[in-house]
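# Fold and contact review
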Amino acid sequence: MVNTGLQLICFTCAVAGWIMAIAVTALPQWKVTAFIGSNILTSEIVWEGIWMNCIYQTTGHMQCKTYDSMLALPSDIQAARALMCIAIFLGWLSCTVTCCGLKCTTCAGEDRNVKASIALTGGILFIVTGLTCDDVISPAIGQGLPPLG
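As a convention, each chain's residues are numbered from 1 in the sequence order in which they are written. The predicted origin of the model limits local features to residues at a pLDDT of at least 70 and limits the giving and counting of side-chain atom pairs to 80 or more, whereas totals for whole chains, interfaces and linings rest on all residues. The basis for the side-chain values is all heavy atoms of the structure; hydrogens and waters are excluded.

## Things to note about the nonpolar core
Counting residues in each nonpolar core, the largest one holds 11 residues, listed as A21, W30, I50, Y67, L73, I77, A80, M84, A87, C133 and V136. For this core, the secondary-structure elements that each account for two or more residues are α2 (75-101) and α3 (112-143). It only takes one pair of heavy atoms within 4.5 Å for two residues to be counted as in contact. Every residue in contact with M84, bar those within four places of it in the chain, is listed here: A21, V24, T25, W30, I50, C133, V136 and I137. F11, W18, C95 and L102 belong to the second largest nonpolar core, which has six residues in total. In these notes, a set of buried Ala, Val, Leu, Ile, Met, Phe, Trp, Tyr and Cys residues joined through side-chain atoms within 4.5 Å is what counts as a nonpolar core. Type-normalised accessible area, obtained with a 1.4 Å probe on protein chains alone, sets the label of each residue: buried when under 20%, exposed when over 50%, and partly exposed for intermediate values. Numbering of helices and strands runs from the N terminus; a helix is a DSSP stretch of H or I covering at least four residues, while a strand is a stretch of E covering at least two.

## A short note on the UniProt feature "transmembrane region" (unreviewed entry) in the chain
Look at the UniProt record and you will see "transmembrane region" (unreviewed entry) annotated at residues 6-27. Strand forms 0% of residues 6-27 and helix 95%; the C-alpha atoms that close the span are 32 Å apart. UniProt positions are given in the numbering used here, feature names are shortened, and annotations may be inferred rather than shown by experiment.

## A short note on the state of the cysteines
Our working definition of a disulfide is a cysteine sulfur pair at a distance within 2.5 Å. Within the structure shown, the criterion is met by one disulfide. Paired by a disulfide, C54 and C64 hold their sulfur atoms 2.0 Å apart. Since a negative S-S torsion denotes a left-handed disulfide, the C54-C64 link at about 110° is right-handed. Note that C54 is positioned in strand β3 (residues 52-57) and C64 in strand β4 (residues 62-66), a separation of 10 residues in sequence. Exposure remark for C64: the relative accessible area of 38% places this residue in the partly exposed category. Considering cysteine sulfurs only, C100 is the nearest to C107, which forms no disulfide, with 4.2 Å between them.

## A closer look at the packing of helix α1 (residues 4-26) against α2
An axis is simply a line fitted to the C-alpha atoms; with a helix, the fit covers only the stretch in contact. Between two such axes, the angle follows the N-to-C directions and lies from 0 to 180 degrees. Relative to each other, α1 and α2 sit at 160°, their axes nearing to 10 Å. It follows from the interaxial angle that α1 and α2 lie roughly antiparallel. Considering only the axes of α1 and α2, their crossing is left-handed. On the side of α1, the interface is formed by Q7, F11, V15, W18, A21, I22, V24 and T25, while α2 contributes M84, A87, I88, G91, W92, C95, T98, C99 and G101. Any angle that falls under 35 degrees is termed roughly parallel, while one over 145 is termed roughly antiparallel, one within 65 to 115 roughly perpendicular, and all others oblique. Rotating anticlockwise by less than a right angle from the far helix to the near helix defines a left-handed crossing, while the corresponding clockwise rotation defines a right-handed one.

See below:
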């Protein structure tokens, strides 16, 4: 059996990963493209995400626009949205299940075997959450999302 301190450290790391998955889902920097005109004063940076795209100009002006229709998006962006939402839900479920199985809680009574199996189930759910995020984020990092529009 694992000691309580190690359980809390692992749970804290897993929750931090879940919070980062939420942040990655919300941010528009999935694909970043820079355009520099004939001089440095006309450059702009285009950020494309799964919810919106943003254009940042050297004047300091940034304009973001959410996508108009979900059905008009390419299938890989729709899949990325769905998988990231599933991963966020699985992360929440993992946190809930794991909290019940930690040694420092009294949710599942005092039976060590029951608490250990609940904690193991929560840990497996955290692994599934990470793999779900990895399936979406790894291709986005490797080749970027396809051009929109």
